[in-house]
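Structural features, examined
Listed below, chain by chain, are the residues.
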Amino acid sequence: MSTKPEEFITNEMKAFLGENLIEVRIPRSRRIYLTVKIDDYKRAAKHLVESTGLTHISTITAADAGKDVDVMTLLFGRGVEVMLKAAVPKTAPKIPTLTDLVPGVTFYEREVHDLFGVVFEGHPNLDRFMLPEDWPEGVYPLRKEYKVARLKGPREVD
Amino acid sequence: MKGSPRHADVLLVTGPVNKQIKDRIIRIYEQMAEPKFVVSVGNCCNSAGVYRGAYNVYNGLDTVIPVDAYVYGCPPKPENILQAVAALQAKIKGG
Amino acid sequence: MSTTEIKVPVGPQHPALKEPENFTFTVEGETIVKADVRVGYAHKGIEKLMESKTYIQNIPLVERICGICNTAHTICYTQNIEYLYDKPIPRRAEYLRVVAEELNRIHSHLLWLGVVGHEVGFETLFMYVWRDREVVLDLIETLTGNRVSMAFTTVGGTRRDITPEIEHKMRKGMDILEERTKYYRRTVPADPTILARAKGVGILTAQEAIQLCAVGPFRRASTIKEDVRSDDSYAAHDDVPFNVVTYDTCDFFGRMMVRIDETLESINMVRYCLDHMPKGPIRMRLPNTPPVAEAVSKVEAPRGEDIHYVRSNGTDKPARYKVRAPTSANLAPLLQTMTSRGKYDVYIADIPVLIAGIDPCMCCMDRSVRFVDPSKGKTWVWTMDQLKKYSKRM
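Cut-offs and rules
Residues numbered from 1 in each chain as written. Chains lettered and ligands numbered in written order. Predicted model: local features only at pLDDT ≥ 70, side-chain atom pairs only at ≥ 80, totals over all residues. Heavy atoms only, no water. Helix = DSSP H or I, 4+ residues; strand = E, 2+ residues; numbered from the N terminus. Buried < 20%, exposed > 50% of the residue type's maximum accessible area, 1.4 Å probe, protein only. Pairing = 2+ DSSP bridges. Axes fitted to C-alpha atoms, helices over the stretch in contact; angles between N-to-C directions. Parallel < 35°, antiparallel > 145°, perpendicular 65-115°, else oblique. Left-handed = near helix turned anticlockwise from the far one by under 90°. Nonpolar A, V, L, I, M, F, W, Y, C, P; charged D, E, K, R; others polar. Contact = heavy atoms within 4.5 Å. Buried area = accessible area lost by both parts, 1.4 Å probe. Salt bridge = Lys/Arg side-chain N within 4 Å of Asp/Glu carboxyl O. Polar contact = N/O pair within 3.5 Å; in protein donor to acceptor, adjacent residues only side chain to side chain. Phe/Tyr/Trp six-rings, centres within 6.5 Å; stacked < 30°, edge-to-face > 60°. Lys NZ or Arg CZ within 6 Å of the ring centre and 35° of its normal. Core = buried A, V, L, I, M, F, W, Y, C linked by side-chain atoms within 4.5 Å. pLDDT = per-residue confidence, 0-100.

1. Regarding the overall build of chain A
A tally of regular secondary structure across chain A gives three helices and seven strands. Helices (α) and strands (β) of chain A occur, in sequence order from the N terminus, as α-β-β-α-β-β-β-β-α-β. Projected onto its principal axes, the C-alpha coordinates of chain A cover approximately 70 × 30 × 25 Å. The proportion of buried residues among the 158 residues of chain A is 53%.

Right under this line is the structure:
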């Protein structure tokens, strides 16, 4: 039985999540976008990695979506890149870590924490990763509400 | 009047100057003995180049320390760098 | 020009210089038991900056995310925007992109091989390879007008074309590069200096490579046969044949051989493109504002899988642009190769070579490293220069 990989993966996740799968999109060949709730994020990722053959996590990133921050995990396997998206509210930006599932994502989660303020629950070390040491706490530069001030050098003439 | 060229020290800086680097550059510059010269190499060092407006990049090395010569280019060609060094040598000799 | 000494003072090591070191190694004597990394020296805020520029204005910015991998990032970017429009670009442009990309790969791998020579104290190798590197730099300049940053690709295709004169020069250049690379293929793996520093050094098992999401030659030297050009073909890679190079030694030696063999593959790919270059336009014009959509684009940069994400909001500027360069993916596995475990010991002297093994695209590789020896209650900081001197003495 030769199913195209996109169909195989989509059917697999539809069967696993049922109604909890909020949205599925196949925008082009070798790309699938899945949207889930925060509560289903970890087990959806686990199913993709352990049972569907998407063992490589390319990255974890985020985007400002108004009241929420969209957390997007990009996984690769069977020749398909799958984006698993879950929206976390800015008022309580928490989502489970995937480091116990795939240790290689440790720095991806730290970057999203630095730039968007999302807390990955269970991550062993969410210390500052890429922002300067004296960057103010609570200022997440990639959130839309922050118009980050331009750096002014000590010799700068206005 | 400047001292003999034999004692001149030149600081070549490349790349965009960000927060993490700024204090280090100032300290290095202050530790140099006079007469001293600073060459800014590349557009990023001259003016932030493509990164102008980025939240972690200064608008050029000369907003942090005084600069004597600028080498343009993104990236600068080897010939440009040599030319700048030669021009700086001439400037130093000329007093 | 007369030779005058130009001194560049870098200042004494000062404990008050509170700059965070990139790497921190916990050691027991000579053996490393734990490795940690901090990035941030090079952090500029590019992704935020991209949100305030148009899609076209962002092209030169994306090209400068990495000085060496520039073409890979630019192709990945322009492709990503084209995915938003969901329109195929002219076939000739896809072939031209492969030529540019493979020239970039040849350049990157040769540059790296020279750096390896320099790291192990094999200065002759460094000099020879960097001389040969001029051949590919000249070809890139002939094709694009620039030696390094190509400014070759744009949204909808490429900006320049290959003329018969350029094609002729390119074929000659490929012949020279092939002969030189085959020479390195013979001599480098037989050299005792290199073997002593490379064989069995920096082990990363296949399972570790998968769990830690390693990419590129780093991954392929641990047996894993994966390459974006074959697994997720883009541009003309669905047509242009090549072999995915793997080695099963799982060490630095394997990483070196993968890159040398890939250079030979790239030379053949350039020739194939020249032989089969389709006729037709090199560019299609697209409107300034793409449809509202999301897209994910991947290319195989010289350092590995490069993946970009874009979200458009109906304006001519991206709402969000994410770049995950290959070196970021290789940080976690790099730390693993630097950690003694099981019957595998890693020594302080191995550090410079191991860092070189991932072909790091970080301009912060020349900073200090910190060592902590809990059993002796000692902690100290070395510059990379000091560390390299120490490694060469061992």
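2. Points about the pairing of strand E3 (residues 56-65) of chain A
Regular strands place their side chains on alternate faces of the sheet. Residue and element names in this part refer to chain A. Judged by how many residues are buried, E3 sits mostly within the fold: nine of 10 residues are covered. In terms of strand pairing, E3 meets strand E4 (residues 68-77) through nine bridges, oriented antiparallel. The residue of E4 that forms the bridge with alanine 65 is aspartate 68. Counted along the chain from E3 to the antiparallel partner E4, the turn is two residues long, and its residue glycine 66 has a positive phi close to 80°.

3. Observations concerning unusual backbone geometry
That bond from Glu34(B) to Pro35(B) is cis: its omega, -5°, falls within 30 degrees of zero. Residue placement: Pro35(B) occurs in the loop between helix H1 (19-31) and strand E2 (36-41). The residue after Cys74(B), namely Pro75(B), is reached through a cis peptide bond having omega -5°. You will see that Arg78(A), though not glycine, has its phi angle at about 55°, which is positive. Assignment of secondary structure puts Arg78(A) in the loop between E4 and strand E5 (80-89).

4. Examining the packing of helix H4 (residues 91-119) of chain C against helix H11 (residues 252-275) of chain C
All names here are of chain C. Two elements in contact, H4 and H11, have axes separated by 9 Å at closest approach and are oriented at 150°. Judged by the angle between their axes, H4 and H11 are roughly antiparallel. For H4 against H11, the interelement crossing comes out left-handed. Class assignment for the residues of the contact of H4 with H11 results in 16 nonpolar, three polar and five charged.

5. Some points on the interface of chain A and chain C
When the parts of a complex come together, some accessible area is lost, and that lost area is often taken as the interface size. At the junction of the two partners, chain A supplies 44 residues and chain C supplies 39 residues. Of the roughly 3,400 Å² buried where chain A meets chain C, counting both sides, 51% is carbon and sulfur surface. Linking Asp232(C) and Arg30(A) is a salt bridge whose minimum nitrogen-to-oxygen distance equals 2.6 Å. Linking chain A with chain C are 22 residue pairs in polar contact (both at pLDDT 80 or more), by the criterion used here. Where the side of chain A that touches chain C is concerned, the elements lending two or more residues are strand E1 (23-28), strand E2 (31-36), E3, E4, E5 and helix H3 (106-116) of chain A. With nine residues, the single largest contributor to the side of chain A that touches chain C is E3(A). Partitioned by chemical class, the residues of the side of chain A that touches chain C number 23 nonpolar, eight polar and 13 charged.

6. Quick look at the sheet that holds strand E6 (residues 304-312) of chain C
Residue and element names in this part refer to chain C. Strand order across the open sheet formed by three strands is E5-E6-E7, with antiparallel pairing between neighbours. One side of each edge strand has no neighbouring strand; the edge strands of this open sheet are strand E5 (294-301) and strand E7 (318-324). Neighbour-to-neighbour, the strand axes of the sheet open up by a mean angle of 15°, direction not taken into account. In the sheet, E6 pairs with E7 via six bridges, with the strands oriented antiparallel.

7. Some words on the packing of aromatic side chains
All names here are of chain C. On inspection of all chains with the given rule, the structure shows 12 aromatic pairs over all chains. Through successive ring pairs, a cluster of aromatic residues spans Phe23, Phe25, Phe371, Trp380, Trp382 and Tyr390. Above the plane of the ring of tryptophan 130 lies arginine 133, whose end atom (NZ or CZ) is 4.4 Å from the centre. Of note, arginine 259 hangs over the ring of tryptophan 112, and the distance from its end group to the ring centre comes to 4.2 Å.

8. A look at the sheet that holds E4(A)
All names here are of chain A. A sheet is described by the order of its strands in space; here five strands give the open sequence E1-E2-E5-E4-E3, paired in mixed fashion. A single partner strand is all that each edge strand has here, and the edge strands are E1 and E3. Neighbour-to-neighbour, the strand axes of the sheet open up by a mean angle of 20°, direction not taken into account. In this fold helix H1 (residues 5-17) packs onto E1, E2, E4 and E5, with an angle of close to 10° to the strand it touches most, E2.

9. Looking at the packing of H4(C) against helix H6 (residues 164-187) of chain C
All names here are of chain C. Where H4 meets H6, the closest approach of the two axes is 13 Å, and the angle between their N-to-C directions is 35°. Helix-helix and strand crossings are classified by hand; for H4 and H6 the assignment is left-handed. Contact residues: H4 offers Val99, Leu103, Ile106, Leu110 and Leu113, while H6 offers Met170, Met174, Leu177, Thr181 and Tyr184. Considered class by class, the residues forming the contact of H4 with H6 number nine nonpolar, one polar and no charged.

10. Brief notes about the nonpolar core
Within the largest apolar cluster, 162 residues are counted, with the highest numbers of intra-cluster contacts made by Phe25(C), Leu103(C), Met170(C), Ile348(C) and Phe371(C). Judged by nonpolar contacts, the second largest core, of 17 residues, contains Leu151(A), Val13(B), Tyr29(B) and Cys45(B).

11. A few points about the pattern of salt bridges
A complete count under the given rule lists 51 salt bridges over all chains for this structure. Note that Glu141(C) and Lys77(B) form a salt bridge whose closest N and O atoms lie 2.8 Å from each other. Here Glu141(C), found in helix H5 (residues 123-144), pairs with Lys77(B), found in the loop between strand E3 (69-71) and helix H3 (78-94), and the two come from separate chains. Glu305(C) is the partner of Arg324(C) in a salt bridge, and the nearest nitrogen-oxygen pair spans 2.5 Å. Residue Arg324(C) is located in strand E7, and its partner Glu305(C) is located in strand E6; the two are separated by 19 residues in the primary sequence. Owing to a relative accessible area of 1%, Arg324(C) belongs among the buried residues under this scheme. Looking at Glu305(C), the relative accessible area reads 5%, which means it is buried. A cluster of three or more residues bridged by salt bridges with shared partners is formed by Glu101(C), Glu102(C), Arg105(C), Arg220(C), Asp227(C), Arg229(C), Glu262(C) and Glu300(C).

12. What to know about the environment of Lys48(C)
Inspection of the secondary structure assignment puts Lys48(C) in helix H1 (residues 46-50). Here Lys48(C) falls in the buried class, since its relative accessible area comes to 15%. Each C-alpha atom, one on Lys48(C) and one on Gly200(C), is 42 Å from the other, the two residues being 152 residues apart in sequence. Leave out the neighbours within four places in its chain, and Lys48(C) touches Pro141(A), Leu142(A), Arg143(A), Lys144(A), Tyr146(A), Val148(A) and Tyr55(B).

13. Things to note about the confidence of the model for chain C
Mean pLDDT for chain C: 88, with 92% of residues reaching 70 or above. Ignoring residues within four places in sequence, the model shows residues 1-19 of chain C, a span with pLDDT below 50, making 26 contacts including any to other chains.

14. Things to note about the pairing of E4(A)
All names here are of chain A. Within E4, nine of the 10 residues are buried, which leaves the element mostly enclosed by the surrounding structure. Pairing of E4 with E5, which is carried by 10 bridges, proceeds in the antiparallel orientation. Bridging from a neighbouring strand, valine 69 pairs with valine 88 of E5. Taking the residues that link successive antiparallel strands as the turn, the E4-E5 hairpin has two residues, and the phi of arginine 78 there is positive, at about 55°.

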